[in-house]
Amino acid sequence: MTLTVDESEQGLWTVLHINGELDIVTSPEVRQWVHDAVAEGRHELVLDLSQVFFCDSSGVGVLIASRRLLHSCRGRLRLILPAGGSEDGSHVNRVLAALGIRRLFEVFPDVRTAVDDEAQPLSA
């Protein structure tokens with residue numbers, strides 16, 4: 001499966017829309033997108049994972065490394081993870097919850113909410 005990443009700007013936030021599988025083959029590409037954004041001085045980052053239908057340990061590693069990177073430069077990382085059903089990115093939500101690390105991330109249901117500084121993240 002091919003992974004695609006599209007970037008958009010929403011106010012202060014850079015949004016990376018990730019579509020496909022987040023696995024050992026595709027994780028380095030996502031890692032590079034995150035590193036490039038930070039290197040360009042964009043420290044408010046949203047990873048839209050609503051169209052990621054598979055995530056393995058390599059994908060989880062990229063999410064944790066991205067969190068660590070943004071934290072180190074006093075930035076913010078938010079994830080888009082729809083909660084319900086067997087599609088629309090909920091696979092990633094279930095993986096993070098099963099590993100007990102979903103609570104490490106600020107999770108939102110959609111981009112509109114994630115880029116709103118007044119919005120509260122979903123509970124873990």
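Structure shown above.
Source: prediction; values computed, not measured. (Residues numbered from 1 in each chain as written. Predicted model: local features only at pLDDT ≥ 70, side-chain atom pairs only at ≥ 80, totals over all residues. Heavy atoms only, no water.)

Enquirer: What is the right way to look at the side chain of Asp56 in this model?
Expert: With respect to the secondary-structure elements, Asp56 resides in the loop between strand 3 (44-55) and helix 2 (57-72). Salt bridges are absent for the buried Asp56, whose nearest opposite-charge side chain, Arg31, sits at 9.5 Å. Filtering out sequence-adjacent residues up to four positions away, Asp56 remains in contact with Leu22, Asp23 and Ile24. (Helix = DSSP H or I, 4+ residues; strand = E, 2+ residues; numbered from the N terminus. Buried < 20%, exposed > 50% of the residue type's maximum accessible area, 1.4 Å probe, protein only. Lys, Arg positive; Asp, Glu negative; His and termini not counted. Salt bridge = Lys/Arg side-chain N within 4 Å of Asp/Glu carboxyl O. Contact = heavy atoms within 4.5 Å.)

Enquirer: What is the right way to look at the packing of helix 1 (residues 27-39) against helix 2 in this model?
Expert: A pair of packed helices is characterised by two quantities: the angle between their axes and the separation of those axes. Interaxial distance between helix 1 and helix 2 falls to 9 Å at its minimum, and their mutual angle equals 10 degrees. By the angle between their directions, the pair helix 1 and helix 2 is classed as roughly parallel. Here helix 1 contributes Ser27, Val30, Arg31, Val34, His35 and Val38 to the contact with helix 2, which in turn contributes Ser58, Gly59, Gly61, Val62, Ala65, Ser66, Leu69 and Leu70. By residue class, the composition of the contact of helix 1 with helix 2 is 7 nonpolar, 6 polar and 1 charged. (Axes fitted to C-alpha atoms, helices over the stretch in contact; angles between N-to-C directions. Parallel < 35°, antiparallel > 145°, perpendicular 65-115°, else oblique. Nonpolar A, V, L, I, M, F, W, Y, C, P; charged D, E, K, R; others polar.)

Enquirer: Please clarify how the pairing of strand 4 (residues 76-80) should be interpreted in this entry.
Expert: In regular strands, side chains alternate between the two faces of the sheet. A large share of strand 4 lies buried, amounting to 4 of its 5 residues. Note: strand 3 against strand 4, 5 bridges, orientation parallel. From the neighbouring strand, Leu45 faces strand 4, where its bridge partner is Leu77. In this region the chain leaves strand 3, passes through helix 2 and returns to the parallel neighbour strand 4; the handedness of that crossover is right-handed. (Pairing = 2+ DSSP bridges. Right-handed = clockwise from strand over helix to strand, strands pointing away.)

Enquirer: Teacher, can you tell me more about the pairing of strand 3 here?
Expert: The buried fraction of strand 3 is high, at 9 of 12 residues. Pairing analysis gives 8 bridges linking strand 2 (residues 13-22) to strand 3, with the strands arranged parallel. When the sheet's bridge partners are listed, Leu16 is paired in strand 3 with Leu47. On the question of chirality, the crossover connecting strand 2 to the parallel strand 3 by way of helix 1 is right-handed.

None of this, on its own, says anything about what the molecule does.
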